[in-house]
Amino acid sequence: MSGFSSPREALADLLWSSADRHKAMQSLRQALRQLKTAEQEAGIDIVKSLPGHVTLDATAFTSDLGHLLSLLEKGRTEDFREAENLWRGDFLAGFEDIDPDFSDWLTVERERVRSEVTSAAFRHLNQIRTDDGGNQVEAGANFLLKIDPALEPAHRILIRLYKKLGHQDRAEQQFKACEREMRIHLDEVPDEETRSLLEQSTPSAEVDAIFRNSGEVGAVRGYLPNSNDVVHLPEISIISSSLLKKGLNDAVHLREEIVSGLSSFRSFDLYESEYVGDENSPRPTLVEGHELGCYLLRFRHDERSGKVVVQFEDRGSGQIVFNEIVDLALWEGIVPAASQIVSRIHGHSIGKLRNPTNSAVFARWCQADSLLWDFTPQSDEKAMRLLDDIEQTNRSFSMIYSARASIIMKRELHFPLYDKSFSGGMGNLLSLAEKSIMLDPWQAMNQRIYGWALILSNMPDEARRAFQNAGRLSAADPSNLMSVAEGLAFSGDVSDALATAERAFSLFSFVPRVFYEYLANIYFAAEDYENAIAQIERGAGVGVGGLTTRVAALLCSGREAEALQTLQRFSDQLPSNLRNASAVAESPEIWRKKVNFFQNEKVRNDYDRGAIMVQNFLFNGAASV
C-alpha cells in the first residue's frame, strides 16, 4: 500500500471479514501484539502501531518486490538476470486461504504487481540493441517469459533479436517455443504477425510501438481490464415503465434530468436496458457487474398518486439502496429534485469506491479525488502518491494531470509556509492543465483546472471560456458549479458568477464549508464586502487564501482593528516550525501577486491591500503591520 500505511479498520475487514467489526478489531490487536513479540525476539522494529493506522518503517523494511522493481528501473543485463532469479511465482503465493475478502484483494493485487513489473521491463526493450551482443535485450525478454511463458510479445522480441544478429536457426527455435507455450497455456496459436517475422530479411530494430510506454504492454495473459489504458466505471442500467404515456411530460423530464446529470459526472457506464415480457416485469439485459459496482435505476409512474417512483438497486447484493417517491409539487422545479437524486446515486456508488482496499483504477481515482477536497497539505501528498500509482498503468487517464495541477496550485498559493513543494511547481502548471484538456476536453474537471491555470497565466478571456465550458459539461454537480462561479468572478464576469453560485447552492443537500469561502470571493469581486466577511466566517478557514480575503474585506469596510485581530488568531494557530520554512518566504512579494486572482483592476487593488497586510504579518512579524 502506498506509504506503507493502512487504516486499522481496513486491515481488520480484509483479514477477518466474517467477524463483526468489534471482534475483527480485537483479532487485529492480538495479531499485532504477537507480531511485536516476534520482532523483539528478532531484534528488529518495523511495524508501527499508530492511533487508527498500522505502518511499516520504510527505512527498516525491505522486500524482494521492492528490490525487483529497483532492478527493473535500471534495466541492465545483470539487473534482468538477477530479477529473473528473484521471480519465483505470483505475489504472496500460498496466502490465498487467509480470508475470502483477502483472497479477492490478493487476486487484484497480483495482477497489479504483474502489470507493474511487466511494464517496467518493457520500458527498456523498445529498441533491439546489439552493441553488447544482444545480451541486455535477451535477458529482458527471458525475464518476461519467466513471468509468463506464453507472452507472445516477449517471444517476438527474441525473434527480432536473433534475426538481427543473423541467427536464423535460433529465431526459428524461438518461434517453435512460442507455438508450444501458447498451445499449452492458452490453447491458441501465434498471430500471423509473429510468424511473418521469420520471413523478414531485415526486421525493424524497434519493438512495436505498443510497448514503448509504461503500462502499454499489449495483451498479457491474466491481466485485468484496468491494467491497460481502459478505465472501467461503475455500471448503471436504466429501466423506465409507463413514462411515455400521454400527459406525463414532467415525469419524462425528471428522468431525462437524472440521466443527464449522471452522464455529466463521467463517473458511470450508463446502459438503456432492453427488456423482455410485459412492462410490469421488465428484465434488464445487463445483470453482471465488476468490482466497481453494477446498479439498476428504475423509473415508474404511479398512476393513482401521479408521482414518480425512482428506485436504485445494487445488483451485486440485491439491496434496494433507496426508493424515492417524487412529488414534484414539493420541489421548486424539476432540476433540484433531479439533482438531489443524482447526488444520492453518486454519493453511494463513489463512496463505496473510496475504500482503500479497492485497487481498481477508477477506485484509486475516487480515493485521490476525495483527498483533494480535504484542502490540507497532508491530504494533497497522499493524493499525489495515488495519482503517481494510477499513471504507472494508465498514462492517458486525463484527470491525473488536472488533479496534479490542482495540488500544485493549492500548495503554492494556499499553503505557502508548508515546507515541501512538488516537482515542477507553478512553471509546470499550465502544461499539466493543457495535457488534461488534450486527453479529454469533455471532462468538466479538466476544463475547470485549465481555467485556473489560465487565470494564473494572465489570460482572463480564455479562462472565462474554460469555466463556462466546465459549467455546461456538468451543470448538475453543485461542487463543479461553485468552482466555476468563483473562477468566473476572478475572470471579471461577476453577474454570471453570482447566478452560477445561486444555482449551485439550490442543488446542494449539504453545503461543505469550503464553498462559503468560494462565495466570499465572489462577493468580494462584486465589491460587496460585508457579505464577503459574513461568508468567509462560515468557511473552513484552512488556507492563507481565505485569510487574505477576510483581511482585505475588513480593510475595505474600514475595520482595520478586526483585520489585525484576525491575523493574530491565525498566527496563534500556525505551527512555529512552518514559519519562514518555505521558499515562498524568501520572495513574499511574488507570493502576494500569485494569490491575487482578481482581473478587475479596482478589485485587484482592493484585494492587494489585504495581501500586503498578510504578507507583512506572516513574513515580517506583527510589528511590521
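Structural data are supplied above this passage.
Residues numbered from 1 in each chain as written. Predicted model: local features only at pLDDT ≥ 70, side-chain atom pairs only at ≥ 80, totals over all residues. Heavy atoms only, no water.

Participant: Please explain the overall build of the protein chain as it appears in this structure.
Facilitator: The secondary structure content of the protein chain amounts to 25 helices and 8 strands. Counting every position in the protein chain, which comprises 625 residues, the buried fraction comes to 49%. Considering only contacts within the protein chain whose residues lie at least 6 apart along the sequence, 61% involve residues at least 24 apart. If you sum the accessible surface of the protein chain, you get close to 29300 Å²; carbon and sulfur atoms cover 48% of it. (Helix = DSSP H or I, 4+ residues; strand = E, 2+ residues; numbered from the N terminus. Buried < 20%, exposed > 50% of the residue type's maximum accessible area, 1.4 Å probe, protein only. Contact = heavy atoms within 4.5 Å. Areas by Shrake-Rupley, 256 points an atom, 1.4 Å probe, with all protein chains shown as cover.)

Participant: Explain the sheet that holds strand E3 (residues 53-56) to me, please; I cannot follow it from the model alone.
Facilitator: Neighbouring strands of a sheet are bound in pairs by backbone hydrogen bonds; such pairs are parallel or else antiparallel. Taken together, 3 strands build an open sheet; the order of strands is E1-E3-E2 and the sheet is antiparallel. Two strands lie at the open edges of the sheet, namely strand E1 (5-7) and strand E2 (47-50), each paired on one side alone. Strand-to-strand twist in this sheet, taken as the mean axis angle between neighbours without regard to direction, amounts to 20°. The sheet contact formed by E2 and E3 spans 4 bridges and is antiparallel. Paired with Val47 across the strands is Leu56, a residue of E3. Relative to the sheet, helix H2 (residues 21-42) contacts E2 and E3, its axis offset from that of E2 by approximately 140°. (Pairing = 2+ DSSP bridges. Axes fitted to C-alpha atoms, helices over the stretch in contact; angles between N-to-C directions.)

Participant: What should I look at first to understand the packing of aromatic side chains in this one?
Facilitator: Aromatic ring pairs are described here by two measures, namely the spacing of the ring centres and the angle between the planes. Applying the stated criterion across every chain, the model contains 19 aromatic pairs. Arranged with centres 5.8 Å apart and planes meeting at 75°, the rings of Trp365 and Phe397 form a pair that is edge-to-face. In this pair, Trp365 sits in helix H12 (residues 361-372) while Phe397 sits in the loop between helix H13 (377-393) and helix H14 (399-414), placing the two residues 32 residues apart along the sequence. With a centroid separation of 5.1 Å and an interplanar angle of 85°, the aromatic rings of Phe515 and Tyr518 are classed as edge-to-face. (Phe/Tyr/Trp six-rings, centres within 6.5 Å; stacked < 30°, edge-to-face > 60°.)

Participant: What am I meant to see in the nonpolar core here?
Facilitator: As a rule of thumb, nonpolar side chains are buried together in soluble globular proteins. Membership of the largest hydrophobic core comes to 89 residues, with the highest contact counts inside it found for Phe362, Trp365, Met482 and Phe524. Here this core takes 9 residues from helix H20 (residues 514-525), the largest share from any one element. Here Met482 is in contact with Ala501, Ala504, Phe505, Phe508, Phe515, Tyr518, Leu519 and Ile522, once residues within four sequence places are set aside. Grouped together as the second largest cluster of nonpolar side chains are 31 residues, Val117, Ala154, Ile157 and Phe175 included. (Core = buried A, V, L, I, M, F, W, Y, C linked by side-chain atoms within 4.5 Å.)

Participant: So what exactly am I meant to see when it comes to the pairing of E3 here?
Facilitator: Regular strands show a simple pattern: their side chains alternate between the two faces of the sheet. Of the pairings in the sheet, the one linking E1 to E3 comprises 3 bridges and is antiparallel in character. For Ser5, the partnering residue across the bridge sits in E3 and is Thr55. Linkage of E2 to E3, two consecutive antiparallel strands, is achieved through a turn of 2 residues, within which Gly52 is found at a positive phi near 90°.

Participant: Mind showing me how you'd approach the pattern of salt bridges here?
Facilitator: Opposite charge on two side chains permits pairing when their charged atoms draw close. Following the criterion strictly, the structure yields 29 salt bridges and no others. The shortest N-O distance in the salt bridge between Asp191 and Arg156 comes to 3.3 Å. Of the two residues, Asp191 is situated in the loop between helix H8 (168-186) and helix H9 (192-196) and Arg156 in helix H7 (residues 152-164); the sequence distance between them amounts to 35 residues. Of the charged contacts in the structure, one is a salt bridge between Glu391 and Arg404, with a shortest N-O distance of 2.7 Å. Separated by 13 residues along the polypeptide, Glu391 in helix H13 and Arg404 in helix H14 bring together distant segments of the chain. (Salt bridge = Lys/Arg side-chain N within 4 Å of Asp/Glu carboxyl O.)

Participant: Would you take a moment to explain the environment of Phe508 for this structure?
Facilitator: For Phe508, the location among the structural elements is in the loop between helix H19 (494-507) and H20. When the C-alpha positions of Phe508 and Ser479 are compared, they lie 8.4 Å apart, and in sequence the two are 29 residues distant. Filtering out sequence-adjacent residues up to four positions away, Phe508 remains in contact with Gln340, Pro478, Ser479, Met482 and Phe515.

Participant: How should I be thinking about the environment of Gly545 in this particular structure?
Facilitator: Position of Gly545 among the secondary structure elements: in helix H22 (residues 544-556). We classify Gly545 as buried; its relative accessible area is 8%. Residues Gly545 and Asn596 lie 51 residues apart in sequence; the distance between their C-alpha atoms is 8.8 Å.

Participant: How do you make sense of the side chain of Asp606 when you look at a structure like this?
Facilitator: Locating Asp606 in the fold gives a position in helix H25 (residues 601-620). In this structure the side chain of Asp606 is engaged in a polar contact, spanning 2.5 Å, whose partner is the side chain of Tyr529. For Asp606, the residues in contact, after removing those within four places along its chain, are Phe524, Tyr529, Ala552 and Cys556. (Polar contact = N/O pair within 3.5 Å; in protein donor to acceptor, adjacent residues only side chain to side chain.)

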